[in-house]
Amino acid sequence: MRRTLFTLFIVWSCTLSFASAQNVEPTRGGALQSLLWPEPPGIMSGQFLQSPALLVSTKLFEPLLTYDFALNPKAHLAESWEIAPDGKRYTFKLRRNVKWHDGKPFTADDVVFTFGEYLIDVHPRIKLVFQRTKVSKIDDYTVEFRLDEPFGPLVRSFGIGTEIVPAHLYKGTDFRKNPNNAAPVGTGPFKFKEWKRGEYIHLVKNADYWRRGLPYLDEIYYRLVPDAATRAIAIESQQLHLATQNDLELLHVDRLSKLPYIAVTTKGWEWGSPIVWIEMNNRKAPFSDKRFRQAVMYAVDHTFIRDTVFQGYAKIATGPIHSGSPFYEPNVRRYAFDPAKAESLLDEMGLKRGANGVRTTIKLLGLPYGEMWNRAAEYTKQALKKVGVEVVLEPSDAAGWSDRTRNWDFEMTMYFLTTLSDPALGVSRTFMSDNQRKGVLFTNHSGYANPKVDELFIRAAATANEAERKKLYSEVQKIMVDEAAVAWLVELVWPTVYNKKLHNVVIDSSGPNGNFAETWLAK
Amino acid sequence: MRFVAALLAWLPRAFLMLAAIGLLNFALIRMAPGDPAAVLAGESGASDEQFIAAIHRDYGLDRPLREQVFTYLRRLAVLDLGMSYRTQRPVASVIFERVPATLLLTVPALLLAIIVGTSLGTLAATRAGTWKDTLITSMAMLFYATPVFWVGLLLILLFSVSLEVLPPFGMASFIKKTGMPGVLDVLQHLIMPVLSLALFYMAVYVRVARAATIEVLGRGFVRTAYAKGLSSRQTLRRHVLRNAVLPSVTLAGLQVGQLMGGAVIIESVFAWPGIGRLAFDALMQRDYNVILGVFFVSSAMVVVANLLTDIVLRLIDPRIGRN
Amino acid sequence: MQRPALGGLRSWRFAIGAGALLLIALAAVFAPVLAPFDPWEIVGGQLQAPGAKHVLGTDMLGRDVMSGIIYGARVSLVIGLISTACSVAIGVLIGSLAGYFGGFVDRVLMRFTEFFQVIPSFLFVVLLVAIMTPSMTSIVIGIALVIWPPVARLVRSEFMTLRQREFVEAARVAGLSHGRIMMAEIMPNALPPVIAVASLMVATSILTEASLSFLGLADPNMISWGYMIGAARTVFRQAWWLSVFPGLSLLVTVLAVTLLADVIGDRHNPTLRAMAGG
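Counting restarts for each chain: residues are numbered from 1 in the order of the written sequence. Just so you know, chain letters begin at A and ligand numbers begin at 1, following the order they were written in. Residues qualify for local features only when their pLDDT is at least 70, as the model is predicted, and side-chain atom pairs are given and counted only at 80 or more; totals for whole chains, interfaces and linings, by contrast, use all residues.

**Remarks on the overall build of chain C**
Then comes step 1: Numbering of helices and strands runs from the N terminus; a helix is a DSSP stretch of H or I covering at least four residues, while a strand is a stretch of E covering at least two. Per the secondary structure count, chain C includes 12 helices and 0 strands.
Then comes step 2: Counted from the first residue to the last, chain C has its helices and strands arranged as α-α-α-α-α-α-α-α-α-α-α-α.
Then comes step 3: The principal-axis extent of the C-alpha atoms belonging to chain C is close to 75 × 50 × 35 Å.

**What to know about the pairing of strand β10 (residues 219-224) of chain A**
Residues and elements named next belong to chain A.
Then comes step 1: Between the buried cut of 20 or more and the exposed cut of 12 or fewer other C-beta atoms within 10 Å of a residue's own C-beta lies the partly exposed class, and all C-beta atoms are placed from the backbone. Most of β10 is tucked away, with 5 of its 6 residues classed as buried.
Then comes step 2: Criterion used throughout: strands pair if DSSP finds at least two bridges between them. In terms of strand pairing, strand β1 (residues 31-36) meets β10 through 6 bridges, oriented parallel. Bridged to L32 within β10 is I220.
Then comes step 3: Bridge count for strand β9 (residues 200-205) against β10 is 5 bridges, and the pairing is antiparallel. Bridge pairing in β10 links L203 to I220.

**Some details on the interface of chain A and chain C**
Then comes step 1: By the convention adopted here, residues are in contact when the distance between their C-beta atoms, placed from the backbone, does not exceed 7 Å. With 17 residues of chain A at the interface, the matching set in chain C holds 17 residues.
Then comes step 2: If you list the elements that add at least two residues to the side of chain A that touches chain C, you get α6 (228-236), α11 (371-386) and β16 (389-394) of chain A.
Then comes step 3: Broken down by element, the side of chain A that touches chain C gets its largest block of residues, 6 residues, from α11 of chain A.
Then comes step 4: Under the grouping applied here, Gly and all other residues not named as nonpolar or charged are polar, the nonpolar ones being Ala, Val, Leu, Ile, Met, Phe, Trp, Tyr, Cys and Pro and the charged ones Asp, Glu, Lys and Arg. A breakdown of the residues in the side of chain A that touches chain C according to their chemical character gives 7 nonpolar, 5 polar and 5 charged.

**Considerations on the environment of T308 of chain A**
Then comes step 1: Inspection of the secondary structure assignment puts T308 of chain A in helix α9 (residues 302-309).
Then comes step 2: What makes T308 of chain A buried here is the crowd of 20 C-beta atoms within 10 Å.
Then comes step 3: Once the C-alpha coordinates of T308 of chain A and Y379 of chain A are considered, the two residues, 71 residues apart in sequence, prove to be 9.9 Å apart.
Then comes step 4: Contact partners of T308 of chain A, with chain neighbours within four places excluded, come to Q46, L61 and G62 of chain C.

**Brief notes about the sheet that holds strand β7 (residues 142-147) of chain A**
Residue and element names in this part refer to chain A.
Then comes step 1: With respect to topology, 4 strands assemble into an open sheet ordered β4-β5-β7-β6, the strand pairing being antiparallel. For this open sheet the edge positions go to β4 (78-83) and β6 (133-139), each flanked by a neighbour on one side alone. Taken pair by pair, the neighbouring strands of this sheet meet at an average axis angle of 20°, ignoring direction.
Then comes step 2: Of the strands in this sheet, β5 (89-94), β6 and β7 touch helix α3 (residues 108-122), which is tilted by about 170° from β6. To obtain an axis, a line is fitted to C-alpha atoms, over the contacting stretch when the element is a helix, and the angle between two such axes runs from 0 to 180 degrees between their N-to-C directions.

**Here's the deal with the nonpolar core**
In a soluble, globular protein the nonpolar side chains are often hidden away together inside.
Then comes step 1: Note on terminology: a nonpolar core is any set of buried Ala, Val, Leu, Ile, Met, Phe, Trp, Tyr and Cys residues joined through C-beta atoms within 7 Å. A279 and I291 of chain B together with V126 and V151 of chain C are the most contacted members of the largest nonpolar core, which has 343 residues in total.
Then comes step 2: A total of 19 residues in this core trace back to one element, the largest contributor, which is helix α8 (residues 179-217) of chain B.
Then comes step 3: Sequence-distant contacts of V126 of chain C, that is, excluding residues within four places in its chain, are made with F280 and L283 of chain B together with L212 and L217 of chain C.

**Here's the deal with the confidence of the model for chain C**
All names here are of chain C.
Then comes step 1: Counting all residues, the mean pLDDT for chain C is 87, and 92% of those residues have values of 70 or more.
Then comes step 2: pLDDT gives the predictor's per-residue confidence on a scale running from 0 to 100. Confidence drops under a pLDDT of 50 for residues 270-278, and excluding neighbours within four residues, the segment shows 11 contacts in the predicted structure.
Then comes step 3: Both confidence scores are given for the complex: pTM 0.88, ipTM 0.86.

**Notes on the interface of chain B and chain C**
Then comes step 1: Taken together, the contact pairs 42 residues of chain B with 37 residues of chain C.
Then comes step 2: Within the residue set of the side of chain B that touches chain C, elements represented by two or more residues are α1 (2-31), α6 (131-145), α7 (148-162), α8, α10 (232-269), α11 (275-284) and α12 (288-316) of chain B.
Then comes step 3: Residue contributions to the side of chain B that touches chain C peak at 8 residues, all from α10 of chain B.
Then comes step 4: Its residues assigned to classes, the side of chain B that touches chain C shows 30 nonpolar, 11 polar and 1 charged.

**Section: the sheet that holds strand β18 (residues 487-492) of chain A**
Residues and elements named next belong to chain A.
Then comes step 1: Ordered by their spatial adjacency, 6 strands build an open sheet running β14-β18-β13-β17-β15-β16, and the pairing between neighbours is mixed. Each edge of the open sheet is held by one strand with a lone partner, namely β14 (314-316) and β16. With direction set aside, neighbouring strand axes in the sheet form an average angle of 30°.
Then comes step 2: Relative to β18, strand β13 (residues 274-280) runs antiparallel, the two sharing 4 bridges. Across the sheet, the residue bridging to I278 is A487, located in β18.
Then comes step 3: Running over the sheet, α9 touches β14 and β18 and is turned about 35° from β18.
Then comes step 4: Here α11 sits on the sheet and contacts β13, β15 (360-365), β16 and β17 (412-418); the angle it forms with β16, its principal contact strand, is near 160°.

Here it is, written out as structure tokens:
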């Protein structure tokens, strides 16, 4: 009798666990309450590139392709695509049953307009890619991009940042002053409903979305909460379901991650791949000497920065290309924390310690984006002081910082940059000697110039052969890291913190910047 | 009649004052390093010459400075505060959306400070030298010396973090309630910010009222009143209060400008959506028109407040106008 | 109504105020000797609560709070004193000219003073410091440019009263220049009440600097109590010591200054003196 009961019990519990292991059916409906901070100046795709703007615009507008975690392209508004063997022609076949939020059909005209006119005009980064292409309509649902030279990064350039905008509403207008910017019309799974300034942005479900049965959610509210501690409380108290990137201080993320109903993921930023570094003005001594730059790399404790300044939400950066990139080269010169080595390099350079122990005094322009960055600057000052370099911290605010950095008015400047999904898009711009454009931010501000590096970057961009590109990028990384072109600190990891009731938040490399068509909220 | 004439004479002077303030601030803000286009570029992780040029064009920043000044003054003359660079909305809407929040904070704080402060001050003066006086003056000194932002933080630590009886930040729960629960919600959020702001100014009024009352009590006519046989209370009310309140009222007019400063701090500590914080953020973003707009609006409020205190003073003591 | 026991009270306040201020000044001057650690150096684990090794705890990088507080006295005192001195200089200049010459000069200077009193002063300081980018110098200048009006008004009224006195008439008749009269004859009599106001202004400057630093407008190469509190905003729930101790330091300092200022002020308040029988 007992054995029978026991067997029954075993069978019963096995059945239960089997049942729970099955995929749960998504719940339809509900309102996703998400944080958003700071309030973006606008949410029109292509024109507003701030992180909070992107979080919203990507729900309303869609790109031709999406990219999985390994950055492999997947069909989206483009059903299929073909790359000619010579790498100079890309043909996209577009999906047919897609409608704009105002009911008009999505066609090749919209794609041609977006890449041929709109983005070239408004998007400072993307235009650099599509100025090389000529886009033309083959028929209502086929589009072709022609290039004079093959361009390796092109295949990874059809995701975030290149969402299609409606030609019938924007063609021939002043894009920046178009009234539709205030109530954007896209093809995405969510439509714009309302923006109550200082309070929330409200999106509702697109009932005519081309993916049948999606989205699961009825609406999304992006709540604007100015105070960091309140944002943490909002997530903790389950009033809000989702926070990402800079919404929460990393100290709070740590604490929240321990709660049973909160999940944290660091995936979903593969397309951005942000890296933090200290750029030194190569036009001035002692920064022109690579030994000084190397000394800086040896003097700072990267582990401390990762663990204490960034609360563990970072990876030590070893070079210019993000470790998640297919082109990442791990076999480069390693800069372990070695103040003694830093000191010997400085001695070798002729920067001896003076009577007061100081070799030289330099200035550091820190990034004024919050307390975490202030601590990073303060730590750097301390670390360099230990090896005899006196650092004067220069205060600034966002406007002052960007002015000084882009006008080369700095000795050392610290910041982070999204290196994007391809080195030719996000990395070369900082290091190529012909990209020194005074007055323009995120170009080569430091004046670093190595003709071999230039050549490697140019060759790597000019081919679509991945294997060849990998070899070229390996070589360029080895050279740049050896010369300490800049002092790389960490790769930023932006945690997405969400309530476990929320499912399918981060399903590909666009992470929380995905369109949330498959996201659902359990009751 | 003389009163109306005085008012009419006051108007152009006030307006000239505001124009001068506008001009000064216009000049100063332009001296701040950086420009709004740069801020937008920095936040976007992307920039190029056309991007910056387009923004300059949109905001009229590419026009020569003289022209920009004239445009600004011309607009100011018709009370057009221009457009906010950041949100591309009229500055007037941006500001007036948030003025109620600041008024909700500063007016009760000022009233609380004046009423409680003056009462305690006069009380202390009449009991000068006793333990009551010492207690009141010590408390006043304590609150005078405490930084406003620290009081706010301490109150939050006590009432929100430890005791968990009051909400720590904001003007209302972010999922808004309507009707009566909504009003109560706001009132609950209002307690700590108002208290933090009021305590310092209360201390000021205690000290001023106490000093003024002591001075008045020492004056000849009070002794005469006593001699005439008027009771202590009647004397207090009729003569002392009126004369003691005069400095408080004068002070109130001057303090409206200072209250804005207190508002900036309290609004930062409590994430209160008012114009103080708006001005600070706009400065960081180099949203010139918004900062200028806030300066203009607050200066206008100060000017009006001074006029009102002038009127109140004349009402309290008709001798003032006659001098 | 009872007679206030002013003599005893005054000496009591003086003792506390002067004593506290002396301690703070000593901390400021002898900081390198008194502080247990270098305030910038990372000497402990992150965010440690007050304990044996770090009496007031450590901050988010692991720096000792007690050392930070001791060094922080420098910024508060230096900025408090220098900006008040500058501001008094400005106020005295403007007030004396206005009060002595009267007429057109007075009207212009008073409009100028009124102008500065109408502008929301704290916002104006924020603007000035942001333009000049925060540093010890720019903060001192910013504060000085904003708090002088009360001094100007006071000096003006003193000069207006004193200028009519006989000794001034005599000096004019004797042929002394305006400058001589203002500096040598009137000023010494006009200054005592200014001292009382100035000592209160020190308190205001210290608080203003603290507020500026709290909002982030501080010289990042100096340790300021306000800055310490502002930097700890995001963690103040779990690390209360980072906000409480710097705030207490501010409180004690400003209290000491105010106590002293009151004592000085009482000396010059004729009514109070009369009531004390002096």
